[in-house]
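# Descriptive analysis of the structure
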Amino acid sequence: MTPQPRPGTPAPPPSATPEGATVSLTGPRTPVAPEPAARWERPALLALLLVTAVLYLWSLSASGYANQFYSAAVQAGSESWKAFFFGSSDAANSITVDKPPAALWPMALSVRLFGLSSWAVLVPEALMGVAAVGVLHGAVRRRFGAGAGLLAGGALAVTPVAALMFRFNNPDALLCLLMVCAIACVLRALEAGRTKWLVLAGVCFGLGFLTKTLQAWLILPPLAVVYACCAPVALRRRFGQLLLAGLAIVVSAGWWVALVELWPAASRPYIGGSQHNSFLELTFGYNGFGRITGNETGSVGGGGRPGGGGGGWGETGITRLFSSDMGGQISWLLPAALILLVAAVTVLWRARRAVAAEHAGQRAEFLVWGGALLMTFTTFSFMSGIFHQYYNIALAPYIAALVGMGAALLWRRGGRLDAYVLAGTVAVTAGWSFVLLNRSPDWLPWLRWTVAALGLLAALGLLSAVRRDGAPALEEAPALEEAPALEGAPASDGALASDGARGPEGAPVSGGAPASGDAPASDGAPASGPVSGGAPVRAGRRLAVLAAGLAVVTALAGPVAYTLNTVNTAKGGSIVTAGPSVRGTMGGPGGGFPGGRMPGRMGGAPGAGQGGAAGQALPPGQGGQGRMPGGKQGNGQAGKQGQFPVPGARPGFPGGTGGFGERGAGRMGGLLNGSKVSDRAKALLEKDADDYTWAAAAIGSQNAAGYQLATEKPVMAIGGFNGSDPSPTLARFKEYVADGKIHYFIAGGQGGPGGGRGGSSQITSWVAKTFQKVTVGSATFYDLTRKA
């Protein structure tokens, strides 16, 4: 007799596989058919997305223009379609940012639509975060159930570095979304070997290249290997599909690269970050292999160090991402993800023939997410070039997916060994959270002890939920709903067995094993047979559910606290971090260099440009408030108005510091943060600005950005971001001045290693000797229309 599903749960589709037929071990040949959602699923998903949106949009404009380097390029793109296409730093197209322009395009379109404000710049980033959570939920839910999808989506949403970057305007937000979409497409392709999904994944990778060049292709090798080994089609077809996906990557990324490389250099902006005006040089040098070797000509590290070792970007090695600089950004659930990855692959590799297709499909998904995690983790751990804490957002969706999938898989299996692994994972996660929280001993000191105590209780509860006779008690919890079955595949991993073995209240004996008698359902758990003692089983199940809920709270308590601190703190500048100040670093509210050291030779660089505080990252004249669409002022006063209600706010840090920050002001402000522009300085630059191509010129992109955002007039960034790019040369700059194209030169800018030498220093010396000085408050300008 076929058992009926429990109330409120749709019955799995019947198997279309003839009795006695074998199923390919490479995976299912028919797609996963998502069963109708239970009544609670859609409200739960909407609640997750709503909470994520509130979290990422709350007091968003408190960070002002965030990284003014990119905000200035967004402003330029909103004024000039040519600047939009190239990603120019100014609307007059003197030089581009040191990345491809795809990440700037959504923000520039938003500014075109709503006008220039911090809100218009940052809202697209927040919406990307909500979209990433939604796509990740859908990708995980498809095979592992709604509970797994919700856990994965929630874990991503509250990962501190994700909350940081989805409220910031660096390219990493769009890159994270595109990588989640790419993996989701690869997983759909793996279900039935459909070419269109693999081609769509290729398009995502191509757009990722136009976002952050080669970093987008970091996870390509493991994904290609998994598809070549596990796709449920003939081997020749697999390689043909991979070639088509590669073609999609080339087309979706190459069209822009080809246009830039073929465009006459004299009529396009200089390619920022390169030394020879070449995007290919930028791709494979400064933004490419130089990040691995540390040999980055023109960077703030000055070309790397013999022997690697990370230089000023922190020590390399397997523990790098667990260090005081990086740990609180990303590693809260990293040990859990690694443990669950190993456990899940081990379990699924022992799949029985009767459920081989479904288990092979699940195993492939673990290999996809796990391969992406391990490849990125290894690269970040050992790369010797520029490495910032916020790069770790790339790991966030992989960790979240593995935690959701692994927890759901072991929960549904429900055997003694599965309970031991889950309990051990919870204990390790709680212990590591205690270590991370203890690195900020004065910040919420009660939280670390609470997490440790609750983690211990949750682990003991999961162990106690396993009955002495080995029968599982972890199954059938509403929080981890059963995964959908395959069309045309035997019911498994939560589908009801055909022999009708049932426990109390119509529940299957084991979620995750048919009662066919082939093998034990899980280590130590019998596969079939009636279960006696209904009351003890129900009590054990209730205990398991309570312990599971407590485990989730324990695992996410630390990340949530860090995330709320991040949301409640204004962030600005080129280097930002999530969470509170941490012992042994220069990070904290605003950010800092890994290891607490300046990179390369920059330890003694002089500070900010003239005209304001070095650490200032708020929009000039806005005082931390940004306009909402329609011209309405948003409530964004950092640390005062619109605060997210979070306990433990530190005295003396109302809203936090900006960027490398007011704590580090005066050392590298001109390189890492834009300048605060006074009203008098703004009025000076705006006067007759329309008569010139550039209202002013300044050394370094950040120095130029503050003035450009204040006046909304083009300001030339001499030398690009670091002040070290040979653009323009002294001869070319003299031509611009002779032609009356530049009105003022802004003194006091500080570039990178080349910023005080070469072309930029020659320009500075020539201007100081040739033209009249104009002082406005603490700012110094040179009027390039009046000789000294």
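Residues numbered from 1 in each chain as written. Predicted model: local features only at pLDDT ≥ 70, side-chain atom pairs only at ≥ 80, totals over all residues. Heavy atoms only, no water.

## Examining the sheet that holds strand β2 (residues 715-718)
Threshold: At least two DSSP bridges between two strands are required for those strands to pair. Numbered from the N terminus, helices here are DSSP runs of H or I no shorter than four residues, and strands are runs of E no shorter than two. Only the stretch in contact is used when a helix axis is fitted, and all axes are lines through C-alpha atoms; the angle between N-to-C directions ranges over 0 to 180 degrees. Two residues qualify as a contact provided that any one of their heavy atoms is within 4.5 Å of a heavy atom in the partner residue.
In spatial order, the strands read β2-β1-β3-β5-β4; together these 5 strands make up an open sheet with mixed pairing. Single-partner strands in this sheet number two, and they are β2 and β4 (771-776). Going across the sheet, the axis of each strand differs from the next one's by a mean of 30°, ignoring polarity. Both β4 and strand β5 (residues 779-787) contribute to a ladder of 6 bridges, which runs antiparallel. Note on β5: the bridge partner recorded for Thr 775 is Thr 780. In this fold helix α21 (residues 679-686) packs onto β1 (694-699), β3 (742-746), β4 and β5, with an angle of close to 145° to the strand it touches most, β4. Sheet strands touched by helix α22 (residues 701-711): β1, β2, β3 and β5. Its angle to β2, the strand with the most contacts, is close to 170°.

## Some words on the packing of aromatic side chains
Rules: Stacked, tilted and edge-to-face are the three classes assigned to paired rings of Phe, Tyr and Trp, where Trp is represented by its six-membered ring and a pair needs centres within 6.5 Å; plane angles under 30 degrees give stacked, over 60 edge-to-face, the rest tilted. To sort residues, take the accessible area from a 1.4 Å probe on protein chains only and compare it with the maximum for the residue type: under 20% means buried, over 50% means exposed, and anything in between is partly exposed.
Counting across every chain of the model gives 31 aromatic pairs. Ring geometry for Phe 86 against Trp 263: centres 5.0 Å apart, planes inclined by 80°, an arrangement best described as edge-to-face. Within this pair, whereas Phe 86 is found in helix α3 (residues 81-86), its partner Trp 263 is found in the loop between α11 (235-262) and α12 (279-293), the two being separated by 177 residues in sequence. What makes Trp 263 partly exposed here is its relative accessible area of 32%. Ring plane angle 70° and centroid distance 6.2 Å describe the contact between Tyr 744 and Phe 781, whose orientation is recorded as edge-to-face. Separated by 37 residues along the polypeptide, Tyr 744 in strand β3 and Phe 781 in strand β5 bring together distant segments of the chain. For Tyr 744, a relative accessible area of 6% gives the class buried. Pairwise contacts between aromatic rings join Trp 81, Phe 84, Phe 85, Phe 86, Trp 105, Phe 209, Trp 217, Trp 255, Trp 256, Trp 263 and Phe 279 into one cluster.

## A short note on the pattern of salt bridges
For clarity, the threshold we go by: Definition used for salt bridges: Asp or Glu carboxyl oxygen within 4 Å of a side-chain nitrogen of Lys or Arg.
Counting across every chain of the model gives 9 salt bridges. Of the charged contacts in the structure, one is a salt bridge between Asp 172 and Lys 212, with a shortest N-O distance of 2.6 Å. Taken together, the residues span a long stretch of sequence, with Asp 172 in helix α8 (residues 172-192) and Lys 212 in helix α9 (residues 195-212) at a distance of 40 residues. For the residue pair Asp 172 and Lys 212, the accessibility class agrees, reading buried in each case.

## Here's the deal with unusual backbone geometry
Here the bond from Ser 727 into Pro 728 is cis, since omega is -10°, no more than 30 degrees from zero. For Pro 728, the position within the fold is in the loop between β2 and α23 (730-738). Non-glycine residue Ala 66 carries a positive phi angle of around 55°. Looking at the element boundaries, Ala 66 is found in the loop between α1 (41-57) and α2 (68-79). We classify Ala 66 as buried; its relative accessible area is 0%. With phi around 45°, Leu 444 is a residue other than glycine that occupies positive phi space. Checked against the element boundaries, Leu 444 lands in the loop between α17 (416-438) and α18 (445-464). Owing to a relative accessible area of 9%, Leu 444 belongs among the buried residues under this scheme.

## Brief notes about helix α5 (residues 118-144)
Within an α-helix, residues lying three or four positions from one another point in the same direction, as the helix has 3.6 residues per turn. Rules: For a helix, the expected span equals 1.5 Å multiplied by the number of residues minus one.
With 27 residues, α5 ought to run about 39 Å at 1.5 Å a step, and its terminal C-alpha atoms sit 39 Å apart, in line with that. A large share of α5 lies buried, amounting to 22 of its 27 residues. Phi turns positive, to about 100°, at Gly 145, one or two residues after α5.

## Here we look at the confidence of the model for the protein
Low pLDDT marks regions whose predicted coordinates should not be analysed in detail. Where we set the bar: On a scale of 0 to 100, pLDDT captures the predictor's confidence in every residue.
Summary statistics for the protein give a mean pLDDT of 79 and a share of 70% for residues scoring 70 or more. This stretch, residues 586-669, has a pLDDT under 50; its non-local contacts, to residues over four places away or in other chains, come to 247 contacts. Across residues 751-757, confidence stays below pLDDT 50; counting only partners more than four residues off in sequence or on other chains, it has 25 contacts.

## Remarks on the packing of α2 against helix α4 (residues 104-114)
So the rule is basically this: Should an angle fall under 35 degrees it is called roughly parallel, over 145 degrees roughly antiparallel, and 65 to 115 degrees roughly perpendicular, with every other angle called oblique. Crossing handedness: left-handed means the near helix sits turned counterclockwise from the far one by under a right angle, and right-handed means the same turn made clockwise. Think of it as three bins: nonpolar holds Ala, Val, Leu, Ile, Met, Phe, Trp, Tyr, Cys and Pro, charged holds Asp, Glu, Lys and Arg, and polar takes everything else, Gly as well.
Two elements in contact, α2 and α4, have axes separated by 8 Å at closest approach and are oriented at 60°. Classified by the angle between their axes, α2 and α4 sit oblique to one another. Crossing of α2 against α4: the hand is right-handed. Packed against α2, whose contacting residues are Tyr 70, Ala 73, Val 74, Gly 77, Ser 78 and Glu 79, the element α4 presents Leu 104, Met 107, Ala 108, Val 111 and Arg 112 at the interface. Here the contact of α2 with α4 is composed, by residue class, of 7 nonpolar, 2 polar and 2 charged.

## So, the nonpolar core
Note on soluble globular proteins: their nonpolar side chains tend to be buried together. How we decide: Residues belong to one nonpolar core when they are buried, are Ala, Val, Leu, Ile, Met, Phe, Trp, Tyr or Cys, and are joined through side-chain atoms within 4.5 Å.
Formed by 154 residues in total, the largest nonpolar core has its most connected members in Leu 190, Phe 366 and Trp 369. Per-element tally for this core: the top contributor is α8, with 16 residues.

## What to know about the environment of Leu 454
By the secondary structure assignment, Leu 454 is in helix α18. Accessibility expressed as a relative area gives 25% for Leu 454, which makes it partly exposed. Measuring from C-alpha to C-alpha, the distance between Leu 454 and Ala 547 comes to 9.5 Å, with 93 residues separating the pair along the chain. Beyond its immediate stretch of four places on either side in the chain, Leu 454 contacts Leu 550 and Thr 554.

## Details of the pairing of β3
The element β3 is largely enclosed, with a buried count of 5 among its 5 residues. Note: β1 against β3, 4 bridges, orientation parallel. From the neighbouring strand, Ala 696 faces β3, where its bridge partner is Tyr 744. Bridge analysis of β3 against β5 gives 3 bridges, and the strand direction is antiparallel. Bridge assignment links Ile 746 to a residue of β5, and that residue is Phe 781.

## Section: the packing of α9 against α11
At a closest axis distance of 8 Å, the pairing of α9 and α11 adopts a crossing angle of 30°. If you check the angle between α9 and α11, you find them roughly parallel. Our pair here, α9 against α11, has a crossing hand that is right-handed. In contact with Thr 195, Leu 198, Val 199, Gly 202, Val 203, Phe 205, Gly 206, Leu 207, Phe 209 and Leu 210 of α9, α11 contributes Arg 237, Gln 241, Leu 242, Leu 244, Ala 245, Ala 248, Ile 249, Ser 252, Ala 253, Trp 255, Trp 256 and Val 257. Residue composition of the contact of α9 with α11, by class: 16 nonpolar, 5 polar and 1 charged.

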